[in-house]
Amino acid sequence: MSVRSGFVALAGRPNVGKSTLLNAIVGEKVAIVSNRPQTTRRAIRGIATADDYQLVIVDLPGVQRPRDPLTERMQRRMERELTESDVALFVLNGQQGVGPGDRFIAAAIRNAGVPAVIALNKADVLNRAQTAAALEAAASLDLDAEIFPVSALRGAGVGPLVAELVKHMPEGEYLYPPEERTDLSEQVQLAELIREQVLMRTREEIPHAVEVEIDEIEEREDGLLLVVARMWAETESQKGILIGARGRMVRDIGSAARREIEQLTGRRVHLDLSVRVRKGWRADEGLLDRLGID
Ligand code: GDP
Ligand code: MG
């Protein structure tokens, strides 16, 4: 039986719902989601497989200032992924209409010469008139692309969108084993679940300043999964915030992340979570390599 398979580059401004849409298409939580911009640091591949297709969807990190080595890597990655993909899935926030950021991305897609499909997301919060206005705004981007209103949060409209993406895939074979949902290593996947809890519980500079590294994953004989992880902060004061009064913050992050890890792995988990300071980790190329950010 012939299979259509290939690469989909997810593009869109921060917070439009790219990671949520990726999870909805894949059917499993492979990318973490938050209402903080720049949640996604790594290019995460989610894999959606059916009998007759396999979509490998790349959730590209957003680009922000300041332009440090971390941001530079993310920008280069976006340009590369767009050119190397079979189709760009351009996600718009239906609530917000179309802005300069969207036009910038539309131009990048045109420059890359890659075909595009537009998802008009957050349709669940739009009435008819707003949907019509958003469709018109999307059409004004002047991309030769079909437009699909969807709610990534509720999974509405995802089927027809996927069918359109599949049309852009070349015929071939599965690129990944059909049971795989992501190309992230287990270590990075677990680190991301911990970072998601940091993003949900902290504000201002902390979300951008923190990275999580898994030191050890051990499957114990009694069935317990032991995970040793550390959070890297850039300053002592950030470290203090992450620890919290009487260790409350790190405990809350740890127990919420432990529940997420238990859900993902289907095992009982003991999470040993600590906080360390490393000044300038964002500029430490060796650490960025180890953290899987390329
Ligand atoms: P990204 O930065 O583009 O990857 O966006 P995320 O997937 O992290 O989502 C950003 C925020 O928008 C989160 O709070 C999501 O829960 C929310 N969101 C995503 N999709 C939808 C949707 O279809 N409807 C609504 N109402 N909210 C959504
Ligand atoms: Mg994201």
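This is a predicted model, so every value here is computed, not measured.

Within the protein, the regular secondary structure consists of ten helices and ten strands. Taking 2.2 N^0.38 as the reference for a compact globule, 294 residues should give roughly 19 Å; the C-alpha atoms of the protein span a radius of gyration of 20 Å, in line with that estimate. C-alpha atoms of the protein, sized along the principal axes, occupy 55 × 45 × 40 Å. For the protein, the residues scored as buried account for 52% of the 294 residues in total. Summed over its atoms, the accessible surface of the protein is roughly 13700 Å², and 47% of this surface lies on carbon and sulfur atoms.

Here the focus is the pattern of salt bridges. Tallying each qualifying case throughout the model produces twelve salt bridges. A salt bridge links arginine 248 to aspartate 252; the nearest nitrogen and oxygen atoms lie 3.6 Å apart. Placement of the pair is arginine 248 and aspartate 252 together in helix H9 (residues 248–265), with a separation of four residues, close to one helical turn. On the accessibility criterion, arginine 248 (53% relative accessible area) is exposed. A salt bridge links arginine 258 to glutamate 262, with the nearest nitrogen and oxygen atoms 3.5 Å apart. Of the two residues, arginine 258 and glutamate 262 are both situated in helix H9; the distance of four residues between them amounts to about one turn of the helix. By relative accessible area, arginine 258 is classed as partly exposed at 27%. Shared partners join several salt bridges into a network, and the residues in it are Lys29, Glu196 and Glu260.

Let us look at H9. A rise of 1.5 Å per residue sets the reference length of H9, with its 18 residues, at 26 Å; its end C-alpha atoms lie 26 Å apart and thus fit the reference within 8%. Those residues of H9 not exposed but buried are Met249, Val250, Ile253, Gly254, Ala256, Ala257 and Ile261. Once H9 finishes, glycine 266 follows within two positions and takes phi at roughly 65°, a positive value.

Before going further, it helps to spend a moment on the domain arrangement of the protein. Its domain assignment divides the protein into domain 1 (3–172) and domain 2 (186–290). Placing the centre of domain 1 and that of domain 2 at their C-alpha centroids yields a distance of 28 Å. Across the contact, 19 residues belong to domain 1 and 22 residues belong to domain 2. The junction of domain 1 with domain 2 conceals about 1800 Å² of combined surface from both sides, 43% of it contributed by carbon and sulfur atoms. Inspection of the region where domain 1 meets domain 2 yields two salt bridges. Between lysine 29 and glutamate 260 there is a salt bridge whose closest N-O contact spans 3.2 Å. Taken together, domain 1 and domain 2 are joined by two residue pairs in polar contact (both at pLDDT 80 or more). The element best represented in the side of domain 1 that touches domain 2 is helix H2 (residues 69–84), accounting for four residues.

Turning our attention to the nonpolar core. Membership of the largest hydrophobic core comes to 30 residues, with the highest contact counts inside it found for Leu21, Ile25, Leu55, Leu89, Leu161 and Leu165. Elements that contribute at least two residues to this core include exactly strand E1 (3–11), helix H1 (18–26), strand E2 (44–50), strand E3 (53–59), strand E4 (87–93), strand E5 (116–121) and helix H5 (158–167). Considering every element that reaches this core, the biggest residue donor is H5, with five residues. The next biggest cluster of nonpolar side chains, apart from the first, holds 26 residues, and it includes Val212, Val227, Val250 and Ile261.

Right, let's talk about the packing of helix H8 (residues 236–243) against H9 for a bit. For the pair H8 and H9, the least separation of the axes is 4 Å and the interaxial angle reads 60°. Residues Ile241, Leu242 and Ile243 of H8 form the contact with H9, whose participating residues are Arg248, Met249, Val250 and Ile253. The residue makeup of the contact of H8 with H9, split by class, is six nonpolar, no polar and one charged.

In this section: the packing of aromatic side chains. Under the counting rule described, the total for this entry stands at zero aromatic pairs. One Lys or Arg, arginine 278, reaches over the ring of tryptophan 232 and ends 4.6 Å from the middle of that ring. Geometry around tryptophan 281 places arginine 282 over its ring, the cationic atom sitting 6.0 Å from the centre.

Let's shift gears to the side chain of arginine 195. In this structure, arginine 195 sits in helix H6 (residues 186–201). On the accessibility criterion, arginine 195 (1% relative accessible area) is buried. At 3.0 Å, the side chain of arginine 195 and the side chain of glutamate 192 are in polar contact.

Time to look at the site of ligand 1. Around ligand 1 lies a shell of 18 residues, among which Asn15, Lys18, Ser19, Thr20 and Asp124 are the nearest. Note that a nitrogen atom of ligand 1 is positioned 2.7 Å from one of the side-chain N or O atoms of aspartate 124. One nitrogen or oxygen atom from the main chain of leucine 153 is found 3.1 Å from an oxygen atom belonging to ligand 1. For ligand 1, whose free accessible area comes to 580 Å², the fraction covered by protein is 86%. Per-element accounting of the shell around ligand 1 gives the leading share, three residues, to H1. Considered class by class, the residues forming the shell around ligand 1 number six nonpolar, eight polar and four charged.

Definitions and cut-offs
- Residues numbered from 1 in each chain as written.
- Chains lettered and ligands numbered in written order.
- Predicted model: local features only at pLDDT ≥ 70, side-chain atom pairs only at ≥ 80, totals over all residues.
- Heavy atoms only, no water.
- Helix = DSSP H or I, 4+ residues; strand = E, 2+ residues; numbered from the N terminus.
- Rg over C-alpha atoms; globule rule 2.2 N^0.38 Å.
- Buried < 20%, exposed > 50% of the residue type's maximum accessible area, 1.4 Å probe, protein only.
- Areas by Shrake-Rupley, 256 points an atom, 1.4 Å probe, with all protein chains shown as cover.
- Salt bridge = Lys/Arg side-chain N within 4 Å of Asp/Glu carboxyl O.
- Expected span 1.5 Å × (residues − 1).
- Domains from an automatic or database assignment.
- Contact = heavy atoms within 4.5 Å.
- Buried area = accessible area lost by both parts, 1.4 Å probe.
- Polar contact = N/O pair within 3.5 Å; in protein donor to acceptor, adjacent residues only side chain to side chain.
- Core = buried A, V, L, I, M, F, W, Y, C linked by side-chain atoms within 4.5 Å.
- Axes fitted to C-alpha atoms, helices over the stretch in contact; angles between N-to-C directions.
- Nonpolar A, V, L, I, M, F, W, Y, C, P; charged D, E, K, R; others polar.
- Phe/Tyr/Trp six-rings, centres within 6.5 Å; stacked < 30°, edge-to-face > 60°.
- Lys NZ or Arg CZ within 6 Å of the ring centre and 35° of its normal.
- Near = heavy atom within 4 Å.

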